[in-house]
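Given next are the chains, with one letter for each unit.
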Amino acid sequence: MTLIPTDLSASRISDAVRDPNREIAASSRVIDLSVGIVVCIPCFRRPQHLRLTLDSLVNQRTPRSFAVVMVENDATGRASAPVAAEYLASGKLQGICLVEKRQGNCQAINAAFETAQALFPAATRFLMIDDDEIASPDWLELMVRSAEATGADVVGGPVLPVFDDDRQPWLARHPAFCPAYDYTGAVPLIYGCGNCLITRAAFERLGSPAFDLQFNFLGGGDCDFFYRGRNAGMTFHWTAEAVITETVPQSRTSISWIAKRGLRIGVINYRVQHKAAQSAAARARVFAQTLGRLPLSLVRSARLLASSKAVVAMHPVLVAVGSALAAFGFDPKPYKASKIVS
């Protein structure tokens, strides 16, 4: 174990944060550079919920030592930084909080993972949780055990919604909120980083920046990362017991928000597939397949309508329409600060 007091290690931290657009906002009094596990937490204007997120990490049932890297992505307001500083100064958690001055989803996540790898050279496993999520008590232990037992490059787990408005429990079955898998085992791909573990080797294989900045305000940088990883031969495992819950505000359960989410998923799908196409012919196939899915989506939605509410049944059509719009240049930017409702 290599314990260093942070007041004697300013140069070590500075070496890990060399980007002039990033600065250290807080650090714990002691940092163990030998930890093998780092939890990354991008933060944006949710300081009250960040407390719940950090409490869930403090209360993890694991004998393993781990560190945290928090990234404040609101360089003006910095509402999350004082909460991060409180938990670090008290010794409840060890690690750092930095400010990423360039706003955007991918900027924040890249800052977290890059800093974690640079500051903790012995770490081989990097987990992520969002600042509107709460980890179950055994989350970290289960994720790391899965990585150890399977040798998977990436481990994913479910993010289950907890709705502020509990009058519509059926929304938990909507594809916008429902986990990709309901079993533990090898899977072909995971689609989001809100509950994931990524190995250092996976980052090294795909290069930097890990999350492509063309997805910075759209979202989907995680989907693109995992898609590229699969094409590079990486393996994926799903641990259904490693549950994270996500607090879903009422603003995200409206029909308009759910419809926009479906469209955005379609845009992301098209962008990821179009980017992966290596030739003009391949890109033409992606375009043709995208248009071909429109009539098929109508059939899928009609079938779903027999057993689901209309807002659920419409999801395949909305995704297909989003992809088609993206093929003609549609470019939503929901992760721009001016469009985010906290």
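Residues numbered from 1 in each chain as written. Predicted model: local features only at pLDDT ≥ 70, side-chain atom pairs only at ≥ 80, totals over all residues. Heavy atoms only, no water.

### Section: the domain arrangement of the protein chain
Considered domain by domain, the protein chain is made up of domain 1 (7-253) and domain 2 (256-334). On a C-alpha basis, the centres of domain 1 and domain 2 stand 27 Å from each other. Facing 21 residues of domain 1, the contacting portion of domain 2 comprises 18 residues. Between domain 1 and domain 2, the buried area comes to about 1,800 Å², and carbon and sulfur atoms account for 74% of it. Scanning the region where domain 1 abuts domain 2 turns up two salt bridges. A salt bridge links Lys275 to Asp224, with the shortest nitrogen-to-oxygen separation between them at 2.9 Å. Here domain 1 is connected to domain 2 by four residue pairs in polar contact (both at pLDDT 80 or more). The residue makeup of the side of domain 1 that touches domain 2, split by class, is ten nonpolar, seven polar and four charged. (Domains from an automatic or database assignment. Contact = heavy atoms within 4.5 Å. Buried area = accessible area lost by both parts, 1.4 Å probe. Salt bridge = Lys/Arg side-chain N within 4 Å of Asp/Glu carboxyl O. Polar contact = N/O pair within 3.5 Å; in protein donor to acceptor, adjacent residues only side chain to side chain. Nonpolar A, V, L, I, M, F, W, Y, C, P; charged D, E, K, R; others polar.)

### Section: the nonpolar core
In this structure, Phe113, Phe120 and Phe226 are the most contacted members of the largest nonpolar core, which totals 56 residues. Looking at this core, you find at least three residues from each of domain 1 (7-253) and domain 2 (256-334). Setting aside its immediate chain neighbours within four residues, Phe120 contacts Ile31, Asp32, Leu33, Val35, Val38, Ala67, Val69, Gly95 and Arg200. In this structure, Met70, Val83, Val144 and Val155 belong to the second largest nonpolar core, which totals 31 residues. (Core = buried A, V, L, I, M, F, W, Y, C linked by side-chain atoms within 4.5 Å. Buried < 20%, exposed > 50% of the residue type's maximum accessible area, 1.4 Å probe, protein only.)

### Overview of the packing of helix H8 (residues 255-276) against helix H11 (residues 315-327)
Direction vectors running N to C along H8 and H11 enclose 50 degrees, while the axes themselves pass 6 Å from each other. With respect to H11, the axis of H8 lies oblique. Viewed along their axes, H8 and H11 form a crossing whose handedness is right-handed. The residues of H11 that touch H8, namely those facing Ala259, Gly262, Leu263, Ile265, Gly266, Val267, Asn269 and Tyr270, are His315, Leu318, Val319, Val321, Gly322, Ser323, Leu325, Ala326 and Ala327. (Axes fitted to C-alpha atoms, helices over the stretch in contact; angles between N-to-C directions. Helix = DSSP H or I, 4+ residues; strand = E, 2+ residues; numbered from the N terminus. Parallel < 35°, antiparallel > 145°, perpendicular 65-115°, else oblique. Left-handed = near helix turned anticlockwise from the far one by under 90°.)

### Comments concerning the sheet that holds strand S10 (residues 159-163)
Sheet architecture is open: three strands sit in the order S8-S14-S10, paired in mixed fashion. Each edge of the open sheet is held by one strand with a lone partner, namely strand S8 (133-135) and S10. Taking each pair of neighbouring strands and ignoring which way they run, the sheet shows an average axis angle of 30 degrees. Bridge analysis of S10 against strand S14 (residues 244-248) gives five bridges, and the strand direction is parallel. (Pairing = 2+ DSSP bridges.)

### Some details on the pattern of salt bridges
Throughout the structure, instances matching the rule amount to 22 salt bridges. Close ionic contact of Glu100 with Arg22 constitutes a salt bridge, the shortest N to O distance being 2.8 Å. Separated by 78 residues along the polypeptide, Glu100 in strand S6 (residues 95-100) and Arg22 in strand S2 (residues 22-27) bring together distant segments of the chain. The class for Arg22 is buried, based on a relative accessible area of 12%.

### A look at helix H3 (residues 80-89)
Because each turn of an α-helix spans 3.6 residues, side chains separated by three or four positions in sequence point in the same direction. Burial in H3 covers these residues: Ser80, Ala81, Val83, Ala84, Tyr87 and Leu88. Mapping the buried residues of H3 onto a view down its axis gives an arc of 160 degrees, with all of them on the same face. A positive phi of about 85 degrees marks Gly91, the residue just after H3. (Arc of directions from axis to C-beta.)

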